Each structure stands twice: as C-alpha cells, then as structure tokens.
Amino acid sequence: MKCDYDIVICGGGMIGAAMAALLAPSGFSIAVIETQAPAEYDLSQCFDLRISALSPKSMQVMQQCNAWEHLSSMRMCPYKRMRVWEVAGFGDLTFNADQVGVSELGHIVENRLVQLSLWQALRPLNNVDIICPASPSSFRHQNAHTHITLDSGQTLTAKLVIGADGAESKVRQSFGVGVNRGQYQQACLVASVNTQLGQQDITWQRFVSTGPQAFLPLLGQHGSVVWYHQADQARQLSKLSNAALADEIMAQFPSQLGHIEVTGKASFGLQKQHAKSYFAPGMVLIGDAAHVINPLAGQGVNLGFQDVASLAQVLSEAHKNGEDWSSVMVLKRYQKQRKLANSLMLHSMDAFHHGFSNVSPPAKWLRNLTLAAAKAPPLKKRVVRYAMGI
Ligand SMILES: Cc1cc2nc3c(=O)[nH]c(=O)nc-3n(C[C@H](O)[C@H](O)[C@H](O)COP(=O)(O)OP(=O)(O)OC[C@H]3O[C@@H](n4cnc5c(N)ncnc54)[C@H](O)[C@@H]3O)c2cc1C
C-alpha cells in the first residue's frame, strides 16, 4: 500500500470526509484515517440519534463534494418554518422560508448518512485512500514532513496532517495545541420518536426555566426530540423505559408535539471548547477538533463545513500558484478566515444559553425585548439569513 501522501486527514466523519472530497480535484494525494466505517444504508434501519440541521450553505458544500445526490437518495427532511418561543413570556418568533425567498430553511439529516454519502463520493477517486479501521498512535514532524505511525504499526508520511478527529482530537494534543474550555451545567437528552401528527415542515424550540425543548422533523412521521436539562436530570431521563420517557415528554412538552412513541434515546453532556491555534508546523485543525459550541442553535457541523470550504480554497489556490501550500504562512490565511467567525458564533451561543437560563425578571424582560425586536421585518430577515449561513 502507498505510504507517502501530500495530505493525511485524521478522522473520516462528516467534516474529515468532506475535506477529502473538496481537496481531491486539486490533485493532492490524500489518505483518510478513520476508526469506524459508517454502516451501509437500508430503509428499514432505525434513525440515527445524532442528527443535524444542515444550512443551505452546508448543502452547497455537500453538492461540491458530489455527495448531495447520494444523501438525497437516502433519507432527509427539508423544513420551511422555524418557531422559537418562551413559555413564560411574550416572545414568539416564527421564521418562514418565503420571507427570504427560498424554498426551505434547511434540511434535517442523520449524521451517519451524511458521512456515508461523503464516503460514497470518495470511493471512485483514485487519489484518495480511506484507511479504516485505523487510528494514529504517534506523529513526528521533521524536515517539512510528518511521520505518522498507526496502531497497526504501519507508517505513513504527509506534508500536512489535517485534524478532523472531533472534540478530543489526538492530532491537536499530539501537536501540543491547547484549548480554552468550559462545561455547561446542562446536558441534553435526544430521543428518536414516531409522531401521530404530521409536522414535517417545521422545527420548533420552546424555552422553559430548565432549558430549551425542541422538535426536529425527520422523513415520514418521525422526528427527534431534544430536551435540555440539568445534567443529572437528563441522565435520569435517559434511563427510563421508552414508554415511560414518552409519557414524561408528552407531559412536559408543548401540546403541538402531539402523541409520540419513543424508539431510541441518549444523553449528551454540553461543552464549549476553542483551540488556541488552528495550526502548528505540518498540521491544521477543522470542525470539532478546532471548536465545540453549545448545540442550542444547531450550528456545530455548519461551522465545520465552512472550515472545509475555507481550507480547501486556501490550499488549492496556494498549490495552483506554486507556493509552499503546507507552510505556516498559508495555514495562517485559513485561520484568519475562520477563527474569529467561529469565536463569534461560540460566544453568541454562550450568551444565548446564559440569557435563556436566567430566571431573574430583568433577564426575562431582556429576552422578551430581544424576541420582540427580532420580529421587526428587516432584522428578522437578517437573523434568518445568518442562521441559514447565506
Ligand atoms: C447533542 C448534540 C446535538 C447536535 N446537534 C447539531 C445540529 O443540529 N446541527 C449542527 O450543525 N451540529 C450539531 N451538533 C454538533 C455536531 O454534531 C458536531 O459539530 C459535528 O459532529 C462535528 O463533526 P466532526 O466531523 O468535526 O467531528 P465528529 O463528528 O466528532 O467526527 C470525528 C470523526 O473522527 C473519528 N476519530 C476520532 N478519533 C480518531 C482517531 N484517533 N483515529 C481515527 N479516527 C478518529 C471519529 O470516529 C469520527 O468519525 C450537535 C452536537 C451534540 C452533542
């Protein structure tokens, strides 16, 4: 097997696989190292518990990767409306695709199917090798090359290592890049549900004093319920039987959810994390390896897709212009494009989280004022375009 590559991408999840697909047309020789391949698709499969709201901008990246047509032939759910409101206040805001002249605000997709559709796009490419199951055990950067030893003992070399290996990134740690990190008191419970009511064109989120309660539609009369709670409460809820959890959700959630049946559940801790640098000599970070944000507004993977688009453009242009494309000078251009933008989103989600978790009367007044202000047509249009990434 080949062992000298231009680029080795560690992590073949949604972001690492998209990175390989966008870089491949520039002629780089690429290896993707991943611990676990996504299972092949079968319509009878249960819905993945990990789902994402893909923005139109992320959809464009998926199209450029030639993966959108694969995903469209599997399962996804476009949504046209998005409603946000607070239970004890007057703030109630509905965004509609018509208001910004588009046919949908985004698509709710299963993370595993996004990854699988990207792998399907990578398979025919001669300059991309997927090495799986595999994991790097060490990295040694020397003379403008990195030597990567895999758990199997196999060694690879690369001019550039891209860390797309998620929040606990081994690449980031091995290259000595630190993070600023914080833990939220809340966790979120995610449940796959079958719904009696058809509500497949709207995603909604209601804020109650314990945290947000949200519904995301999936294909057919299926959906995902997301319930933010104190960490121990979320853990307790995830231990209930499916039937008992369904009763609890129906008792606590707004009536528009209607009757549901729970088919799967898990709880996730919430954290925020930002790498102090997005690069080191011979290495660059993308996606959750670089930044983890509160999933409150479902923007995590969308930021990752924007990292992919930006890094692909920077590296391909430098390559085309005959520059040393793996140099620190080139990697700095990518950091300049992405770090501040990601930091802004991270801090906005943080402020949003704290603003909506605060039960004091002034905080409530401010929340209602914010939601009321966001109803004004010009601002509303801006908010929805920002959320859509356009
Ligand atoms: C509860 C919850 C809900 C969310 N909802 C949304 C949402 O609605 N919208 C949204 O945009 N985002 C959402 N997010 C965030 C989103 O899931 C992440 O931003 C996204 O998964 C990041 O993708 P990634 O490919 O960078 O990392 P990951 O998804 O973590 O993928 C990393 C990949 O690297 C592989 N890997 C890891 N270590 C190694 C190793 N040592 N060797 C080889 N391979 C390795 C893993 O197997 C995996 O395939 C949510 C997050 C949570 C916790």
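Here the residue numbering is sequential within each chain, running from 1 through the sequence in written order. In view of the model being predicted, local features appear only for residues whose pLDDT reaches at least 70, and side-chain atom pairs are presented and counted only at 80 or more, with totals across whole chains, interfaces and linings using the full set of residues.

1. Side note on unusual backbone geometry
Part 1: The peptide bond linking Cys 132 to Pro 133 adopts the cis configuration, its omega dihedral lying at 0 degrees.
Part 2: Working definition: helices are DSSP H or I runs of at least four residues, strands are E runs of at least two. Numbering for both runs from the N terminus. Locating Pro 133 in the fold gives a position in the loop between strand S8 (128-131) and strand S9 (136-142).
Part 3: Positive phi is not limited to glycine here, since Asn 66 has a value of about 60 degrees.
Part 4: Structurally, Asn 66 can be placed in the loop between helix H2 (56-64) and helix H3 (68-72).
Part 5: Neighbour density around each residue's C-beta defines its exposure: 20 or more other C-beta atoms within 10 Å make it buried, 12 or fewer make it exposed, and counts between make it partly exposed, where C-beta atoms are placed from the backbone. A residue is classified by how many C-beta atoms lie within 10 Å of it, and Asn 66, with 19 of them, is partly exposed.
Part 6: A positive phi angle, close to 50 degrees, is found at Asn 143, a residue other than glycine.
Part 7: Positionally, Asn 143 belongs in the loop between S9 and strand S10 (145-150).
Part 8: You can call Asn 143 exposed: it has 7 C-beta atoms within 10 Å.

2. Some thoughts on the site of the ligand
Part 1: Around the ligand, 32 residues are found, and the nearest of them are Gly 11, Gly 13, Gly 166, Gly 287 and Gly 300.
Part 2: Here the element with the most residues in the shell around the ligand is helix H8 (residues 300-320); it accounts for four residues.
Part 3: The residue classification treats Ala, Val, Leu, Ile, Met, Phe, Trp, Tyr, Cys and Pro as nonpolar and Asp, Glu, Lys and Arg as charged. All others, Gly included, are polar. Among the residues forming the shell around the ligand, the class breakdown is 12 nonpolar, 16 polar and four charged. Being near a molecule or strand means, for a residue, that its backbone-placed C-beta atom lies within 6 Å of it.

3. Remarks on helix H4 (residues 111-122)
Part 1: Taking 1.5 Å of rise per residue, 12 residues should cover 16 Å, and H4 covers 17 Å from first to last C-alpha, within 8% of that figure.
Part 2: Counted residue by residue, H4 has 11 buried out of 12 residues, so it is predominantly covered.
Part 3: Lining the buried residues of H4 we find helix H1 (14-23), H3, strand S7 (106-110) and S8. Expected span, for any helix, means 1.5 Å times one less than how many residues it has. Note on contacts: residues are paired as contacts if their backbone-placed C-beta atoms lie within 7 Å.

4. A look at the packing of H2 against H8
Part 1: Axis geometry follows a simple rule: fit a line to the C-alpha atoms, using only the stretch in contact for helices, then measure angles between N-to-C directions, giving values from 0 to 180 degrees. Where H2 contacts H8, the axes come no closer than 9 Å and their chain directions differ by 45 degrees. Judged on the interaxial angle alone, H8 and H2 are oblique. In this structure, H2 crosses over H8, and the sense of that crossing is left-handed. Residue-level contacts link Lys 57, Ser 58 and Val 61 of H2 to Val 301, Asn 302, Phe 305, Gln 306, Val 308 and Ala 309 of H8. For classification, angles of less than 35 degrees are called roughly parallel, those exceeding 145 degrees roughly antiparallel, those between 65 and 115 degrees roughly perpendicular, and all remaining angles oblique. It is the rotation of the near helix from the far one that decides the hand of a crossing: anticlockwise by less than a right angle makes it left-handed, clockwise makes it right-handed.

5. Examining the environment of Leu 160
Part 1: Position of Leu 160 among the secondary structure elements: in strand S11 (residues 155-163).
Part 2: Through-space distance from the C-alpha of Leu 160 to that of Met 283 is 5.6 Å; in sequence the pair is 123 residues apart.
Part 3: Those residues in contact with Leu 160 that sit more than four places away from it in its chain are Asp 6, Ile 7, Gly 282, Val 284 and Ser 326.

6. Quick notes on the domain arrangement of the chain
Part 1: What marks off one domain from the next here is an automatic or database domain assignment. Examined at the domain level, the chain breaks down into domain 1 (4-66 + 112-181 + 272-353) and domain 2 (77-110 + 184-270).
Part 2: Taking only C-alpha atoms, the centre of domain 1 and the centre of domain 2 are 29 Å apart.
Part 3: Counting residues per element, the side of domain 1 that touches domain 2 draws most heavily on strand S3 (residues 51-54), at four residues.
Part 4: Residues belonging to the side of domain 1 that touches domain 2 are distributed by class as follows: 12 nonpolar, four polar and two charged.

7. Section: the sheet that holds S7
Part 1: Judged by pairing direction, the sheet is antiparallel, and its three strands sit side by side in the order S3-S7-S4 without closing on themselves. The sheet terminates laterally at S3 and strand S4 (77-79), the two strands that pair on one side only. The mean angle between the axes of side-by-side strands here comes to 25 degrees, regardless of whether they run parallel or antiparallel.
Part 2: In terms of strand pairing, S4 meets S7 through three bridges, oriented antiparallel. Within S7, the residue paired with Pro 78 across the bridge is His 107.
Part 3: In this fold H4 packs onto S3 and S7, with an angle of close to 90 degrees to the strand it touches most, S7. Pairs of strands are assigned from DSSP output, requiring at least two bridges between the strands.

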